[in-house]
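Observations on the model geometry
Below, each chain spelled out in residue letters.
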Amino acid sequence: MEKLKEEEPDSTSTSSPPHAIASEAAAMDPEFVSCLLQPPIPQNDPNYVAVRRFLLLRKARSNPSAITHRKDWRCNGKGYVAYRNFIRRPGDGRTSQPSTPGHSSRNLFETDSFGSSRERSNNSTGVGRRMSFSSTLSDSDRQIRIPEPAYSFVGMHCIFDSSKSSVTILKFGHMSSDLLAYGASDGNLTICQVSEPSTILQNLTGHTKDITDFDFSSNNQYIASSSMDKTVRVWDVSKGTCIRVVYGVSSQLCIRFHPVNNNFLLVGNSNKEITVINFSTGRVINKLHLDDEITAIDNDHTGQIIFAGDAQGCVYTVSVNLRTGSLSRTHKNKSMRGKSVITTVQYRTFSLVARCPVLLVCAQDGNLSFFSVAMEVKGYLTQVCSLKLAPRMFRFCASFCPLLSLEKGEFIVSGSEDSNVYFYDLTRPKHSCVNKLQGHGAPVIGIAWNHGENFLASSDSDGMVIVWKRSK
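To start, this report covers the structure provided alongside it.

Each value, and the rule that gives it
Residues numbered from 1 in each chain as written. Predicted model: local features only at pLDDT ≥ 70, side-chain atom pairs only at ≥ 80, totals over all residues. Heavy atoms only, no water. Disulfide = S-S within 2.5 Å. Buried < 20%, exposed > 50% of the residue type's maximum accessible area, 1.4 Å probe, protein only. Helix = DSSP H or I, 4+ residues; strand = E, 2+ residues; numbered from the N terminus. Contact = heavy atoms within 4.5 Å. Salt bridge = Lys/Arg side-chain N within 4 Å of Asp/Glu carboxyl O. Pairing = 2+ DSSP bridges. Axes fitted to C-alpha atoms, helices over the stretch in contact; angles between N-to-C directions. Core = buried A, V, L, I, M, F, W, Y, C linked by side-chain atoms within 4.5 Å.

Take the state of the cysteines next. In the structure shown here, the tally under the stated rule is zero disulfides. Left unpaired, cysteine 362 is separated from the closest cysteine sulfur, that of cysteine 397, by 7.2 Å. Relative accessible area serves as the criterion here: at 0%, cysteine 362 is assigned to the buried category.

Given below as structure tokens:
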């Protein structure tokens, strides 16, 4: 983060120290403080400065003390200027031990569209830009850069090891920094709190086979889970009871609460369908048939678009009617390299790299792809960059690192079969792996950030869940 520009006083200076200036500034108008902490940067994109000032202004209005805390930041005993120079220092070329990521990847996806080509050409300025970032290094040649403060961790915050089988999925509650849940291959769903003292709150039993996915309602009062036992279950979080069971004819593979109308449950299944279930009645009110098993799903912030990945490496864009729940397919993106199961589809409202909404797509063969999303063309996807990791036996997950990506780059975090958690910057053609966390004794499958990104949770195939604490 860019900080207040000022000269560091020498030992004979009689001017006010930096923390005094910051304290005085914090008492001033929030708009003035945001401009003061984020001055114009020569030869830099003015949009970046505007975004940083907006975020600082919002923080100053919601939590004024958070702005004053900046006076306590130190780097080698110095303040704002030293800290800013430290986090912006150029790489020194030093390397550490090699990591697992693999080979280069070209354009992984070609596009079929059910929208008009005229719409796409009219909006080419928004989605037509492509940055081709890929690696040409082998597994043994890829090196890890020296970790910088933005993605450093102080260690393990807590460990949950009550599960006796593989923990395949885990998530924090919506807008929650404390509520964590994880599902296992034995059908059990566990809810816990990660703040001190870390403890298990509820054990939810009822599924008879693997839990494939789950989602919290917007108020974290309910959890909806899908399973290989062909059922969808709705749970009351506070009571730990199942309040509704929806029986299907095939394995239920992924599930989301609709972000706007929480009475809609969006479910993908192995019968090649996306179904819309009425949360209150448990009835299926709409369905859309696609080309293969729907293995991963996410929606945009407006709730009008669904992004769905299938078992053959394709990603679909589907429009949703907010009132009736009716579905219509608009675009399809097809994989050109193999037909591997899509394990992660994750939407994000804005990226500094793409300057628009973006989508992260992860496949079991190790392909990670980063797309820009053209909302004005019903969610049309354009690939921005990609990364090829080693193929996986498990359906491993990956996730954006939104707050880490506000400064520079486009960071993602992923599990790996060598029992490590890896952080990648997709904008770096070489040395894209910037850090790794070691502590698991089995392949890492699940990954999830809490709301403030100060905790990262990871799960492995032996049933262990580790919550990592990020450095401030």
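Right, let's talk about the side chain of glutamate 273 for a bit. By the secondary structure assignment, glutamate 273 is in strand β13 (residues 273-278). For glutamate 273, a relative accessible area of 11% corresponds to the buried category. Filtering out sequence-adjacent residues up to four positions away, glutamate 273 remains in contact with Val267, Gly268, Lys287, Leu288, His289 and Ile294.

Moving on: the pattern of salt bridges. Where side chains of opposite charge bring their charged atoms close, a pairing between them can arise. Per the stated rule, a full pass over the model turns up eight salt bridges. Notably, a salt bridge pairs lysine 171 with aspartate 213, separated by 3.2 Å at the nearest N-O pair. Taken as a pair, lysine 171 in strand β3 (residues 167-172) and aspartate 213 in strand β7 (residues 211-216) lie far apart in primary sequence, 42 residues in all. One salt bridge in this structure joins arginine 329 and aspartate 291, with 3.4 Å as the shortest N-O distance. Here arginine 329, found in strand β18 (residues 327-335), pairs with aspartate 291, found in the loop between β14 (284-289) and β15 (294-299); they are 38 residues apart in sequence, far enough to count as distant. Overall, the relative accessible area of 24% leaves arginine 329 in the partly exposed class.

Right, let's talk about the sheet that holds strand β22 (residues 380-388) for a bit. Across the sheet, four strands lie side by side as β19-β20-β21-β22; this open sheet has antiparallel pairing. Every other strand in the sheet has two partners, leaving β19 (342-351) and β22 as the edge strands with one partner each. Neighbour-to-neighbour, the strand axes of this sheet turn through a mean angle of 20 degrees, independent of strand direction. Both strand β21 (residues 367-374) and β22 contribute to a ladder of eight bridges, which runs antiparallel. Note on β22: the bridge partner recorded for phenylalanine 371 is glutamine 383.

If you trace the four strands from one edge of the open sheet to the other, you get β23-β24-β25-β26, paired in antiparallel fashion. Each end of this open sheet is capped by a strand with a single partner; those strands are β23 (398-400) and β26 (433-438). Going from strand to strand, the sheet's axes swing by 20 degrees on average, the running direction of each strand aside. Two strands pair when backbone bridges link them, and β23 and strand β24 (residues 411-415) are joined in this way by three bridges, in the antiparallel orientation. Bridge pairing links phenylalanine 400 to isoleucine 412 in β24.

The next point concerns the nonpolar core. Of all hydrophobic cores here, the largest spans 20 residues; its most connected members are Leu368, Phe370, Ile412 and Tyr424. Contributing elements (two or more residues each) for this core: β20 (356-363), β21, β22, β23 and β25 (420-425). In contact with phenylalanine 370, not counting residues within four places along its chain, are Ser351, Val353, Val358, Leu359, Thr382, Gln383, Val384, Cys385, Phe400, Glu410 and Leu426. Core analysis: the second largest hydrophobic core is formed by 16 residues, Ile297, Tyr316, Val318 and Val320 among them.

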